Amino acid sequence: MPTSQPKTIAIVSQKGGSGKTTLAVHLATRAAQAGLESCVIDTDPQATAAAWSDWRGDFLPVVVTSPPARLGRTIESASKNGVDFIVIDTPPHADAAAREAIKAADIVLVPSKPRAFDLHALEPIADLISFAKKPAYVVLNSVPAGATVLSEDARKSAKKMGLKMCSVSLGDRAAFHRSSAKGETAAEIDPDGKAAKEIEKLWKWLNKKLA
Ligand SMILES: Nc1ncnc2c1ncn2[C@@H]1O[C@H](COP(=O)(O)OP(=O)(O)O)[C@@H](O)[C@H]1O
Ligand SMILES: [Mg+2]
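Please read these numbers as outputs of a predicted model, since none were measured by experiment.

Applying the stated criterion across every chain yields a total of two aromatic pairs. For the ring pair Phe85 and Trp203, a centre distance of 5.6 Å and an interplane angle of 65° mean the geometry is edge-to-face. One end of the pair, Phe85, is in strand 4 (residues 85-89); the other, Trp203, is in helix 10 (residues 194-210), with 118 residues separating them in the sequence. Here Phe85 falls in the buried class, since its relative accessible area comes to 2%. Of the residues examined, Trp203 reaches a relative accessible area of 7% and is grouped as buried. Ring geometry for Tyr137 versus Trp205: centroids 4.9 Å apart, planes at 90°, classification edge-to-face. One end of the pair, Tyr137, is in strand 6 (residues 136-140); the other, Trp205, is in helix 10, and 68 residues separate them in sequence. Judged by its relative accessible area of 10%, Trp205 falls in the buried class.

Quick look at the structure:
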């Protein structure tokens, strides 16, 4: 019997295409590689993380689907089965799903492109997060090379909404979409590449926050 609750990370954002599923499968895979019993709970009816797992075949991490309303039960059963690291992937445009995921999480990650429209879409999430009083961080994703001003503006608008920023951001890198399309991760197709290094930094950052 496991003695402790699994560490639970919710990945939320109202925007489709912001990188929720990419982040979920990369972090859960990194956790599995670290020897954790890692699991993605995919609450998106589109089941993209689950499809990634189908393409991946019989390799870790485990990906299970769960309607948001069943999330508590799904976590309970994962925990009973020895899972100690859970990443909850969520659908876009779904307040209830985001709320359930945030409620269940130890920490919330909010991926966003560093663009005005994307940042504007963070507002409802910022409200949910402040209501739930959970530690939450915006993770800038698909940041174009050399986009210092863009990133700085993003930081400012996140701060205005009361959101904290993750100190690690992810660049716009082919290794992310090329690997995901094959059920793999960036580190698996290009271990020395920049995308792999960014995930490594994010993983270390996350572990400090969860400690
Ligand atoms: N940092 C990145 N660099 C390049 N492509 C990315 C990056 N992050 C995500 N993508 C690609 O963008 C698309 C949308 O990402 P996804 O993770 O599915 O977003 P969401 O789950 O928020 O809808 C996918 O094709 C994915 O491979
Ligand atoms: Mg998704």
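Now for helix 4 (residues 95-104). Inspection of helix 4 places Ala97, Ala98, Ala101 and Ile102 among the buried residues, and these make up the whole buried set. The arc enclosing the buried residues of helix 4, seen along the axis, measures out at 130°, which places them on a common side.

With that out of the way, let us pick up the layout of surface pockets. Here the largest pocket is characterised by a volume of approximately 490 Å³. Contributions of two or more residues to the lining of the largest pocket are made by helix 1 (20-33), helix 2 (48-56) and helix 8 (174-180). Here the lining of the largest pocket takes four residues from helix 1, the largest share from any one element. When grouped by side-chain class, the residues that make up the lining of the largest pocket number six nonpolar, 14 polar and five charged. In this structure, the second largest pocket occupies an estimated 190 Å³ of space. Every element with two or more residues in the lining of the second largest pocket is listed here: helix 7 (148-160) and helix 10. In terms of residue class, the lining of the second largest pocket is made up of five nonpolar, four polar and five charged.

So, about the site of ligand 1. Within the structure, ligand 1 sits among 14 residues, and Gly17, Lys20, Thr22, Asn141 and Gly171 are positioned closest to it. Within the contact set of ligand 1, an oxygen atom lies 3.0 Å away from a backbone nitrogen or oxygen of Gly19. With respect to ligand 1, the backbone of Thr21 contributes an N or O atom lying 2.9 Å from an oxygen atom. In the complex, 77% of the free accessible area of ligand 1, which totals 560 Å², lies under the protein chains. Given that more than half its atoms are within 2 Å of the pocket grid, ligand 1 belongs to the largest pocket. Those elements that provide at least two residues to the shell around ligand 1 are helix 1 and helix 8. Of the residues forming the shell around ligand 1, the biggest block, three residues, is contributed by helix 1. Class assignment of the residues belonging to the shell around ligand 1 gives a composition of one nonpolar, 10 polar and three charged.

Conventions and cut-offs
- Residues numbered from 1 in each chain as written.
- Chains lettered and ligands numbered in written order.
- Predicted model: local features only at pLDDT ≥ 70, side-chain atom pairs only at ≥ 80, totals over all residues.
- Heavy atoms only, no water.
- Phe/Tyr/Trp six-rings, centres within 6.5 Å; stacked < 30°, edge-to-face > 60°.
- Helix = DSSP H or I, 4+ residues; strand = E, 2+ residues; numbered from the N terminus.
- Buried < 20%, exposed > 50% of the residue type's maximum accessible area, 1.4 Å probe, protein only.
- Arc of directions from axis to C-beta.
- 1 Å grid on protein atoms, 1.4 Å probe; cavity = no way out; pocket = protein on both sides within 12 Å on 5 of 7 lines; lining within 4 Å.
- Points joined across faces, edges and corners; volume = space filled by probe spheres on them.
- Nonpolar A, V, L, I, M, F, W, Y, C, P; charged D, E, K, R; others polar.
- Near = heavy atom within 4 Å.
- Polar contact = N/O pair within 3.5 Å; in protein donor to acceptor, adjacent residues only side chain to side chain.
- Areas by Shrake-Rupley, 256 points an atom, 1.4 Å probe, with all protein chains shown as cover.
- Sits in = over half its atoms within 2 Å of the grid points.

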